[in-house]
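Observations on the three-dimensional arrangement
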Amino acid sequence: MHTEPRVMDALGHPIRRQILVLLKEQPRPVGEIAAHFPVSRPAISKHLRVLKGAGLVAFHPNGTRNIFRLHPDGFAAARDFLDSFWEQALQNYQQLVQEELGEEKDV
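So, here is what we can say about the structure in this document. This structure is a prediction, so every number in the text was calculated from the model and none was measured.

Of regular secondary structure, the protein chain possesses 5 helices and 3 strands. On C-alpha atoms alone, the protein chain measures out to a radius of gyration of 20 Å, which is more than a quarter above the 13 Å that the 2.2 N^0.38 rule sets for 107 residues. Here the protein chain, with 107 residues, has 25% of them falling under the buried criterion. Taking all contacts inside the protein chain whose residues are at least 6 apart in sequence as the whole, residues at least 24 apart take part in 51%. Roughly 7500 Å² of accessible area belongs to the protein chain as shown, and the carbon and sulfur atoms make up 54% of that amount. Side chains of the protein chain give 13 positive and 13 negative charges; the mean places of these two sets differ by 22 Å.

Overall, antiparallel pairing links the 3 strands, which are arranged β1-β3-β2 in an open sheet. Two strands lie at the open edges of the sheet, namely β1 (28-29) and β2 (57-62), each paired on one side alone. The pairing of β2 with strand β3 (residues 65-70) spans 6 bridges and is antiparallel. By the bridge assignment for β3, P61 is matched with N66.

This part is about helix α2 (residues 14-25). An ideal rise of 1.5 Å per residue puts 16 Å on 12 residues; α2 measures up with 17 Å between its terminal C-alpha atoms. Those residues of α2 lying buried are I15, R16, I19, L20, L22 and L23. The arc enclosing the buried residues of α2, seen along the axis, measures out at 160°, which places them on a common side. Of the residues in α2, the exposed ones pointing more than 90 degrees away from the buried face are K24 and E25.

What counts, and at which threshold
- Residues numbered from 1 in each chain as written.
- Predicted model: local features only at pLDDT ≥ 70, side-chain atom pairs only at ≥ 80, totals over all residues.
- Heavy atoms only, no water.
- Helix = DSSP H or I, 4+ residues; strand = E, 2+ residues; numbered from the N terminus.
- Rg over C-alpha atoms; globule rule 2.2 N^0.38 Å.
- Buried < 20%, exposed > 50% of the residue type's maximum accessible area, 1.4 Å probe, protein only.
- Contact = heavy atoms within 4.5 Å.
- Areas by Shrake-Rupley, 256 points an atom, 1.4 Å probe, with all protein chains shown as cover.
- Lys, Arg positive; Asp, Glu negative; His and termini not counted.
- Charge placed at Lys NZ, Arg CZ, Asp CG, Glu CD.
- Pairing = 2+ DSSP bridges.
- Expected span 1.5 Å × (residues − 1).
- Arc of directions from axis to C-beta.

This is the structure:
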């Protein structure tokens, strides 16, 4: 599967986005992440697997706990995808302005 759809699918769920916000503050173990949500720890673990599969988070074992952190390189696919829309929007805007300036000259 192409990375971009996996990233965008992972970002599509509000709990996963909230997990990313928590991890932006600092790396955290699963139990600490789960304490912030009204869902079970196994549900949080599933969300973390989706985020890891998309390359947005990574973890390292610390004793019996896995410490999750953001994986900055994983955000490149989302950034590239969104940048493509931005670039196209700017090109469309430039074309519109040029067309309007052309119409003003004809008047």
